Amino acid sequence: MIANITIVGGTHGNETSGIQLVRNWQKFGVPAAYKGLNIDCYLSNMAAIDANVRFVEEDLNRQFTPALLARQPQCQEARLAHALNQQWGPKGESDIDLLIDIHNTTSAMGATLIILQADEFHTQLARYVKQQMPEANILVEDEKPPSEHAYLCSIGKRGIMIEVGAQPQGVLRADVYDLTERMALAILDFVNAYNSNSVPELPPCDVFRFIENITFPRSEDGERLAMIHPALQDNDFAPVSTGEPVFLSFDGEPQAWQGETIYPHFINEAAYHKLHVAFATATKAQL
Ligand SMILES: [Zn+2]
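In this numbering scheme, every chain counts its residues from 1 along its sequence in written order. Restriction of local features to residues with pLDDT of at least 70 applies here, the model being predicted, together with a cutoff of 80 or more for giving and counting side-chain atom pairs; totals for whole chains, interfaces and linings are based on all residues. Values reported for side chains reflect all heavy atoms of the structure, with hydrogen atoms and water molecules removed beforehand.

Thoughts on the coordination of the zinc ion
For step 1, the next point in the chain: With water excluded from the atoms, a metal site may look incomplete; its donors are any N, O or S atoms within 2.8 Å, or within 3.2 Å for Na, K and Ca. Coordination sphere of the zinc ion, protein contribution only: His-12 (ND1), Glu-15 (OE), Glu-15 (OE) and His-103 (ND1), at 2.0 to 2.4 Å.
For step 2, the next point in the chain: Four donors are marked tetrahedral only if all angles between them lie between 85 and 135 degrees, whereas four are marked square planar and six octahedral if opposite donors are more than 155 degrees apart and the other angles lie between 65 and 115; the remainder are marked irregular. In this structure, the zinc ion is coordinated by four donor atoms arranged in irregular fashion, with angles at the metal of 58 to 151 degrees.
For step 3, the next point in the chain: The motif formed by the donor residues of the zinc ion, counted along the single chain, is H-x2-E-x87-H. Residues His-12 and Glu-15 agree in their burial class; the two are buried. The cut-offs for exposure are 20% and 50% of the maximum accessible area for each residue type, with area from a 1.4 Å probe on protein chains only; residues under the lower value are buried, those over the upper are exposed, and the others partly exposed.

Comments concerning the pattern of salt bridges
For step 1, the next point in the chain: Counted as salt bridges are all cases of a side-chain nitrogen of Lys or Arg within 4 Å of a carboxyl oxygen of Asp or Glu. Per the counting criterion, the structure on display carries eight salt bridges.
For step 2, the next point in the chain: With its nearest N and O atoms 3.3 Å apart, the salt bridge here joins Arg-54 to Glu-15. Highlighted residues: Arg-54 in the loop between helix H2 (46-51) and helix H3 (66-70) and Glu-15 in the loop between strand E1 (4-9) and helix H1 (16-28), separated in sequence by 39 residues.
For step 3, the next point in the chain: For Arg-54, a relative accessible area of 11% gives the class buried. The numbering of helices and of strands both runs from the N terminus, where a helix is a DSSP run of H or I of at least 4 residues and a strand a run of E of at least 2.

A word on helix H4 (residues 76-88)
For step 1, the next point in the chain: An expected span of 1.5 Å times one less than the residue number is assigned to each helix. Its 13 residues give H4 an end-to-end C-alpha distance of 18 Å, which sits within 8% of 18 Å, the value for a rise of 1.5 Å per residue.
For step 2, the next point in the chain: Within H4, the full set of buried residues consists of Glu-77, Ala-78, Ala-81, His-82, Leu-84, Asn-85 and Trp-88. Angularly, the buried residues of H4 cover 165 degrees about the axis, an arc narrow enough to put them on a single face.
For step 3, the next point in the chain: A contact between two residues is defined here by any heavy atoms of the two lying within 4.5 Å. Considering only its buried residues, H4 is in contact with E1, strand E2 (38-43), H3 and strand E3 (98-104). Within this analysis, the arc is defined by the directions that extend from the helix axis to the C-beta atoms.

Okay, here's the thing in structure tokens:
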């Protein structure tokens, strides 16, 4: 039974689609079909939202590992994480059955559902969302146990993220907002079906399983030597095989991918600038 649901926007203060969806549902209420669910809509990082920035001091969505929650908070977002952990947790003992954290990305990832585990609940959820939104991507980040993740959504008994793009930081696009809302509604439809034991038997669906982040080529001084190759740009979740270009160096030379076929995503994500992450890789699997 999924009794308590918390829907969060503004974990990154310049990701407007989730912020606006939460504001609209706070103002007008969640759609009538979900009145039977106990849904709390919440904006998590108000200081960052007010400033229209991703975060004030540090990324709130990287503060929720057991180690960070156990130590004295050192910055504004760490203090906020501790407060949210008090309010909703503590992590591992939360009353929130499902925490849905809504994000958007500057990468062309379309409507992506990020799940942190591939147990029966999340498998059924993934198949259901994929059936309702065939254009959706399912990204599985189960390279570590959910409890080890630093994400805000990991406070809940179950935590998932909606990640939609491409949308520039601080900008609200109606098409991205629409995809965000449709995915949120598909998830809530699933919860209604799950609670009434009426989830249909669905066939396995394609998913992408996270492998690692790839950084831009850099000199010994840390200076970037290349940009994303135009053949890769905006082609999130399309396969890249060995020998295909992923970078274009500033002297005009393409740089090819070497290795197993990958499914890049978060390609040229603006927020990963400081980390020099160029894209993340995934394998394709069935769930
Ligand atoms: Zn985000």
